[in-house]
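Summary of structural features
Residues per chain, in single letters:
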Amino acid sequence: AQSVTQPDIHITVSEGASLELRCNYSYGATPYLFWYVQSPGQGLQLLLKYFSGDTLVQGIKGFEAEFKRSQSSFNLRKPSVHWSDAAEYFCAVGFTRGGSNYKLTFGKGTLLTVNP
Amino acid sequence: DTGVSQDPRHKITKRGQNVTFRCDPISEHNRLYWYRQTLGQGPEFLTYFQNEAQLEKSRLLSDRFSAERPKGSFSTLEIQRTEQGDSAMYLCASSLGRVSTDTQYFGPGTRLTVL
């Protein structure tokens with residue numbers, strides 16, 4: 001069964017500092033991987049996704065993530081955090097059928113706090 | 001593109017009552033998904049539709065839950081005889097469903113509180 005682990009429940013960084021959020025997945029085939037962000041009381045906004053090709057993917061708001069098959073990881077990074085990045089971040093793996101992903105399995109999320 | 005919309009945004013009900021939520025997907029999106037998110041957890045898959053056909057249901061979807069998408073456009077999720085354990089955020093998402101790189105776009109969710 002597929003699963004996603006986000007080892008860090010809560011991370012606090014200072015504004016302007018770099019950020020890395022960890023994500024490890026377990027999946028038997030080539031994974032489709034996603035990072036979503038959720039602000040308080042809101043739905044999920046897609047930050048970036050990986051399907052194939054270049055293992056370093058760029059997303060919105062200056063985020064990037066790197067797929068490392070050997071480590072089963074898809075860590076999210078940002079070189080300089082802004083106060084508006086404070087939110088909860090979810091990593092997800094897409095279960096595929098017929099070559100198309102249709103069911104997402106999410107990690108438990110990492111809550112990011114940004115100090116001024 | 002107006003995004004995925006959900007109604008209501010908040011619902012408070014008493015245990016034993018029935019509730020119904022509505023989701024309007026992005027137009028031309030063939031697939032529609034329902035997820036449930038409890039406090040401190042990531043969203044969990046409940047069910048999904050390809051057009052009007054419900055193709056998979058999670059074991060989380062007990063027989064008190066029913067979802068429909070009668071004309072392949074909007075969808076409803078009904079919970080009968082609500083229990084306190086049903087309190088959660090119910091998220092709807094939609095996707096094109098035609099390509100291997102299918103991406104799900106989420107609505108703002110309906111927060112259910114069962115007293």
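Above this text is the structure in question.
Read on for an overview of the structure. (Residues numbered from 1 in each chain as written. Chains lettered and ligands numbered in written order. Predicted model: local features only at pLDDT ≥ 70, side-chain atom pairs only at ≥ 80, totals over all residues. Heavy atoms only, no water.)

1. Thoughts on the pairing of strand S6 (residues 44–50) of chain A
Residue and element names in this part refer to chain A. Burial analysis of S6 places five of its seven residues in the buried class, the great majority of the element. Both strand S5 (residues 32–38) and S6 contribute to a ladder of six bridges, which runs antiparallel. Bridge pairing in S6 places leucine 33 opposite tyrosine 50. Counting the residues between successive antiparallel strands, the hairpin from S5 to S6 contains five residues, one of them, glycine 41, with a positive phi of roughly 70°. (Buried < 20%, exposed > 50% of the residue type's maximum accessible area, 1.4 Å probe, protein only. Helix = DSSP H or I, 4+ residues; strand = E, 2+ residues; numbered from the N terminus. Pairing = 2+ DSSP bridges.)

2. A closer look at the side chain of Thr110(A)
Residue and element names in this part refer to chain A. Considering the arrangement of structural elements, one finds threonine 110 in strand S12 (residues 110–115). A distance of 3.5 Å separates polar atoms of two side chains, one belonging to threonine 110 and the other to glutamine 6. The residues contacting threonine 110, other than those within four sequence positions of it, are Gln6, Asp8, Ile9, Ile11, Leu21, Ala87, Glu88 and Tyr89. (Polar contact = N/O pair within 3.5 Å; in protein donor to acceptor, adjacent residues only side chain to side chain. Contact = heavy atoms within 4.5 Å.)

3. Examining the interface of chain A and chain B
Facing the 22 residues of chain A at the interface are 25 residues of chain B. A combined buried area of about 1900 Å² lies between chain A and chain B, and 48% of that area is made up of carbon and sulfur atoms. A per-residue breakdown of the area chain A buries against chain B is headed by Leu44(A), Tyr102(A) and Lys108(A), which together make up 25% of the total. At the surface where chain A touches chain B, the tally comes to one salt bridge. Lys103(A) is the salt-bridge partner of Glu56(B), the closest N and O atoms lying 2.8 Å from each other. (Buried area = accessible area lost by both parts, 1.4 Å probe. Salt bridge = Lys/Arg side-chain N within 4 Å of Asp/Glu carboxyl O.)

4. Description of the sheet that holds strand S3 (residues 19–24) of chain B
Residues and elements named next belong to chain B. The sheet built from four strands is open, its strands ordered S1-S3-S8-S7 with antiparallel pairing. Here the strands that pair on one side only, and so sit at the sheet edges, are strand S1 (5–7) and strand S7 (65–68). Within the sheet, the average angular offset between the axes of one strand and its neighbour, ignoring direction, is 15°. Here S7 pairs with strand S8 (residues 75–79) via four bridges, running antiparallel. What sits directly across from phenylalanine 65, in S8, is isoleucine 79. (Axes fitted to C-alpha atoms, helices over the stretch in contact; angles between N-to-C directions.)

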